[in-house]
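So the chains spell out like this:
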Amino acid sequence: MEKYVIKGGNRLEGEVTIAGAKNAALGILAAAVLTDEECIIENVPSVKDTRVLLAAIENTGATVKYIDNHTVSICGGTIQNGQELTVDDENIRKIRAGYYMLGALLGKYHYANVALPGGCDIGARPIDLHTKGFELLGAQWEIVKGGKIVVQADRLIGTHIYMDTVSVGATINIMLAAVLAEGKTTIENAAKEPHIVDVANFLNSMGANIKGAGTDVIRIRGVERLKGTEYSIIPDQIEAGTFMVMAAATGGNVLIKNVIPKHLEAISAKLNEIGAHVIEYDDSVRVMSDGRLKSTHIKTLPYPGFPTDMQPQMAVTLALSEGTSVITESIFENRFRYVRELEHMGARIRVDGNTAMITGVESYKGANLIAPDLRAGAALVIAALSADGFSTIEDIRYILRGYEDFDGKIRALGGIIEMVDNEREEQKFRLKVG
Ligand code: UD1
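In short, a report on the structure. (Residues numbered from 1 in each chain as written. Predicted model: local features only at pLDDT ≥ 70, side-chain atom pairs only at ≥ 80, totals over all residues. Heavy atoms only, no water.)

A short note on the sheet that holds strand E9 (residues 148-152)
Right, so step 1: As summarised here, the arrangement of the four strands in space is E6-E7-E9-E8, forming an open sheet in which the pairing is mixed. Each edge of the open sheet is held by one strand with a lone partner, namely strand E6 (86-87) and strand E8 (140-144).
Right, so step 2: In terms of strand pairing, E6 meets strand E7 (residues 111-115) through two bridges, oriented parallel. Residue pairing in the sheet places Thr86 in a bridge with Asn113 of E7.
Right, so step 3: On top of the sheet, helix H3 (residues 100-109) reaches E6, E7 and E9; it is set at about 165° to E7, its chief contact. (Pairing = 2+ DSSP bridges. Helix = DSSP H or I, 4+ residues; strand = E, 2+ residues; numbered from the N terminus. Contact = heavy atoms within 4.5 Å. Axes fitted to C-alpha atoms, helices over the stretch in contact; angles between N-to-C directions.)

Comments concerning empty space enclosed by the protein
Right, so step 1: Under the counting rule described, the total for this entry stands at three cavities of 30 Å³ or more.
Right, so step 2: Estimates place the volume of the largest cavity at around 90 Å³.
Right, so step 3: Along the walls of the largest cavity sit Ala21, Lys22, Asn23, Pro194, His195, Ile234, Pro235, Asp236, Gln237, Ile238, His263 and Arg375, which together make up its complete lining.
Right, so step 4: Breaking the lining of the largest cavity down by element, the ones donating at least two residues are helix H1 (22-31), helix H6 (194-205) and helix H7 (237-249).
Right, so step 5: Looking at the lining of the largest cavity residue by residue, the classes come out as five nonpolar, four polar and three charged.
Right, so step 6: Built from parts of two domains, the lining of the largest cavity gets at least three residues from each of domain 1 (3-19 + 235-433) and domain 2 (22-232). (1 Å grid on protein atoms, 1.4 Å probe; cavity = no way out; pocket = protein on both sides within 12 Å on 5 of 7 lines; lining within 4 Å. Points joined across faces, edges and corners; volume = space filled by probe spheres on them. Nonpolar A, V, L, I, M, F, W, Y, C, P; charged D, E, K, R; others polar. Domains from an automatic or database assignment.)

Digging into the pattern of salt bridges
Right, so step 1: Applying the stated criterion across every chain yields a total of 19 salt bridges.
Right, so step 2: Between Asp49 and Lys22 there is a salt bridge whose closest N-O contact spans 3.4 Å. You can see Asp49 sitting in helix H2 (residues 48-59) and its partner Lys22 sitting in helix H1, a full 27 residues away along the chain. A single burial state applies to Asp49 and to Lys22, both of which are buried.
Right, so step 3: Measuring nitrogen to oxygen at the nearest pair gives 2.8 Å for the salt bridge that ties Asp49 to Arg401. Linking Asp49 in helix H2 with Arg401 in helix H12 (residues 397-402), this pair joins segments that are 352 residues apart in sequence. Each member of the pair, Asp49 as well as Arg401, is classed as buried. (Salt bridge = Lys/Arg side-chain N within 4 Å of Asp/Glu carboxyl O. Buried < 20%, exposed > 50% of the residue type's maximum accessible area, 1.4 Å probe, protein only.)

Regarding the packing of helix H5 (residues 168-178) against H6
Right, so step 1: Where H5 meets H6, the closest approach of the two axes is 10 Å, and the angle between their N-to-C directions is 10°. Judged by the angle between their axes, H5 and H6 are roughly parallel. Residues Val168, Thr171, Ile172, Met175 and Leu176 of H5 lie in contact with H6, whose contacting residues are His195, Ile196, Val199, Ala200 and Leu203.
Right, so step 2: For the contact of H5 with H6, the class distribution of residues is eight nonpolar, two polar and no charged. (Parallel < 35°, antiparallel > 145°, perpendicular 65-115°, else oblique.)

Here we look at a positive patch on the surface
Right, so step 1: Judged by side-chain charge, Lys184, Lys211, Arg219 and Arg221 come together as a positively charged surface patch.
Right, so step 2: Note that Lys211 resides in strand E12 (residues 209-211). (Patch = residues over 30% accessible without salt bridge, like charges linked within 9 Å, V, L, I, M, F, W, Y side chains within 5 Å. Areas by Shrake-Rupley, 256 points an atom, 1.4 Å probe, with all protein chains shown as cover. Lys, Arg positive; Asp, Glu negative; His and termini not counted. Charge placed at Lys NZ, Arg CZ, Asp CG, Glu CD.)

A word on the nonpolar core
Right, so step 1: Ranked by size, the top nonpolar core spans 81 residues in total, and within it Ile41, Ile74, Met175 and Leu203 carry the most contacts.
Right, so step 2: Once residues within four sequence positions are removed from consideration, Ile41 is found in contact with Ile28, Leu29, Ala32, His70, Thr71, Val72, Ile74, Phe202, Tyr231 and Ile233.
Right, so step 3: Within the second largest apolar cluster, 69 residues are counted, among which are Leu12, Val287, Ile298 and Met314. (Core = buried A, V, L, I, M, F, W, Y, C linked by side-chain atoms within 4.5 Å.)

See the structure below:
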């Protein structure tokens, strides 16, 4: 099993270029099957989640070609319309975003049969808001044998949908199902994340009529057909945020390129507040820090609030900062599982329900760690880079789902990290870096 071996203590310095947004890419790749024409999508991050979804899209009969490592061509015209539109393989069950095939296939073919979504174990993660939206559009759904969900409709008719909870996935899925529906759909209390806007922009470039994405009311006027397009995905807000926090935690100085600074405002504000310096340029940010950082309080919220996907990385940093910090996790109820791992490194964190009370320590000591999920895994890498001595991180398959060339990018910044596959490789690396 692959794992990371990390020797901590180096300040990270230099430049890193951020990949396309994973969570936007997942919505956009699924959306491409809504037309029979070819869509060329650029800046697709080369991570496990996008590759798994592309394989599932290909299995529906669509033609999928990699033009280069980050550019994909998808042509939905080769999908056979019928009752066989099943999306199921052992990999798709492990990711969350397979559910976008429900909205996309339902929108186009009025039928979809998709394996129930998996993804990181960070809470209950129901899909009731997705199915409620499909129902309001005129579809029926049922869970069938083998852990799959079937949605179908004779006609999809535009409607008014109020979302009880702000949900990124449900907002995107309902947009996918509604763009070809008859008449007008309104989504109220919609999510406003940058990737919602990106998926809407992609659909509009295919000829859809979506207004208001990025606000909490999205209005969709159904069109008869969509056409092919060429589109470039926005940079990944969370990958950028992860490197920003990594620079701050290691007392580094890193220029983070290919970002949209506006998307990073909540993260920049917190980093400035704890004593790091964030300088914004047009499409990059520099993060510098020296000396010990200070404590703060953080509450995760839907965009433009502080992202839940950055909560573990910030916690790792606050646990090394002076004073007492409080983190309130208001999106997912099971997002503190990394705390156990950090305690092995000497962190002092007390979790009570959805709140973590963090008492900053002077330093971490290296330890053998297990990544509990994608973002917590990245957070443990930051902890290990800031620690004294060697750490190992197992179960990095989670991290590989969402970060492109994570260890390579860290090495280029002077971090001492290696992905190893066996004991011999680990010993060789440990001897090499001393
Ligand atoms: C997406 C992101 C994930 C991020 C999360 C919040 C993808 C593939 N994943 O996940 O990285 O952490 O947004 O920014 O884009 N909920 C319901 N019923 C539903 C759907 C959601 O109650 O039908 C609840 C969830 O339990 C959670 C909240 O709504 O408490 C937000 O979840 P949601 O925004 O849907 O997250 P995901 O789309 O799963």
